[in-house]
Amino acid sequence: MRTPVGIVGAGPAGLFLSHLLHLHGIESVVLERRDRAYCERRQRAGVVEHGVAEALRATGLGERMDREGFVHEGIELRFDGRGHRVDFPALTGGRNVLIWAQTEIVKDLIARRLADGGQVLFEAEATAIEGAETERPRIRFTHGGAEEVLECDYVVACDGFHGIGRASLPAAVVRTFEKVYPFAWLGILADVAPSCDELIYAHSDRGFALHSMRSETVSRLYLQVPAGTDPAEWSDDRIWSELAARFALRDGGWTLGQGPITDKGITPMRSFVTEPMRHGRLFLAGDAAHIVPPTGAKGLNLAMRDVLLLAEGLRAWFAKGDAAGLDAYSATALRRVWRAEHFSYWMTTLLHLDPEGSEFDRRLQISHLEHIAACEPAAAALAENYTGLPAV
Ligand code: RFL
Ligand code: PHB
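The protein chain goes by p-hydroxybenzoate 3-monooxygenase in an unreviewed UniProt entry, where it is assigned to Streptomonospora nanhaiensis.

As for its position among the elements, L249 is in the loop between α7 (236-247) and β16 (261-275). Classification of L249 as buried rests on a relative accessible area of 19%. Along the chain, L249 and G81 lie 168 residues apart, while their C-alpha atoms are 4.3 Å from each other. Beyond its immediate stretch of four places on either side in the chain, L249 contacts R78, G81, R82, G83 and W254.

Further remarks concern the environment of E216. Topologically, E216 is positioned in the loop between β14 (209-213) and β15 (219-226). Remark: the alpha-carbon pair of E216 and T348, spanning 132 residues in sequence, is separated by 27 Å.

Attention shifts here to the site of ligand 2. Y201, S212, R214, Y222 and P294 are the nearest of the 14 residues found near ligand 2. Within the backbone of R44, one N or O atom sits 3.3 Å away from an oxygen atom of ligand 2. Where the shell around ligand 2 is concerned, the elements lending two or more residues are β14 and β15. Split into classes, the residues belonging to the shell around ligand 2 amount to eight nonpolar, three polar and three charged.

What counts, and where the lines are drawn
- Residues numbered from 1 in each chain as written.
- Chains lettered and ligands numbered in written order.
- Predicted model: local features only at pLDDT ≥ 70, side-chain atom pairs only at ≥ 80, totals over all residues.
- Heavy atoms only, no water.
- Helix = DSSP H or I, 4+ residues; strand = E, 2+ residues; numbered from the N terminus.
- Buried < 20%, exposed > 50% of the residue type's maximum accessible area, 1.4 Å probe, protein only.
- Contact = heavy atoms within 4.5 Å.
- Near = heavy atom within 4 Å.
- Polar contact = N/O pair within 3.5 Å; in protein donor to acceptor, adjacent residues only side chain to side chain.
- Nonpolar A, V, L, I, M, F, W, Y, C, P; charged D, E, K, R; others polar.

Okay, structure coming up:
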């Protein structure tokens, strides 16, 4: 098999890249080790930055998003038993975010790729990427019990944090940076109308909690739990009473609606960056190259922005033999990646209870939250980063 661009992974990064290349008249093959239903079901992100939503619209993927997604013009920070709203358009000159689940983006991308005659091979597991330093890199993969080879001009590893792409870069050229947090998120999906119109990020003495949503009848909620927690330790009743306690307002003026829990999972919290994001003709994009803790809602957005940049570089190369965009890819992407790393770390340490922290640390968090509530430039820094900095 032969293709100009071989892509490992049918997550949002790999699928969107394949779609963008198709719009530029460049063929690609996507190899995905899971089946289609698994890719379309995997519960993950829910917040799409302003600029990423615009890119989805501009590339023909906005129709269902605009019909079924929700525009959110702010979030609530809840701390010390009170709520404070951060107003995005007022603080950023008009930007907002969209609540539109990653599962829906993936469903639309798969349907669109297949309708356009794109090659997305499910249950095709890449086992090796070879020849990154040559003009003919290859991906070895297994599909339907057979071992196959995909010969490419370029290989893009969009295979997530546990894929083979990052490990295929020679150790001598790679540096990685990592921070692991001593807590995780227990996430649930519940058949109950959201108890809020906008997301609530809650700081409490019992730990962090987040109220998000998927539709008018489905809520998505998260609880900070110790790293290594087994979800079996958390009965549905225990989850609901802990959520209610962490979101409680001092005046008692808010109640959390409860309903049947349909999905329960643990997300470890990690910050991770690989430098560079390219070696020869092998590129990394999305979670394959970097991880952020989900508190800043940046992971999906970074993945989409990586491939927007890369698709532009590949377009210039295949159309005119111009390598400038490809050569600049890693450094340009990493500037945005490090901004998102800082913002995600900052939101995480601002809102979570550090199990090794002291009362001093907790007072600093409250003071910082009060500063954001009282001081417009401080709130604007949060809003600018959350809605997505256009210039970075
Ligand atoms: P993905 O989605 O992990 O896709 C990688 C794909 O590669 C496949 N694969 C292979 N295929 C073939 N051969 C191999 N050897 C392979 N190895 C792996 C995998 O099966 C998979 O299909 O990576 P991608 O495309 O880079 O996308 C990244 C995003 O998924 C991720 O950053 C976000 O979900 C992070 N995230 C959030 N991001 C946001 O922007 N906003 C949010 O609100 C947000 N909330 C979240 C999140 C992530 C979470 N979890 C569970 C990690 C909330 C949670 C709970
Ligand atoms: C989600 O809806 O899954 C979600 C929202 C905001 C975050 C993380 C996850 O910061």
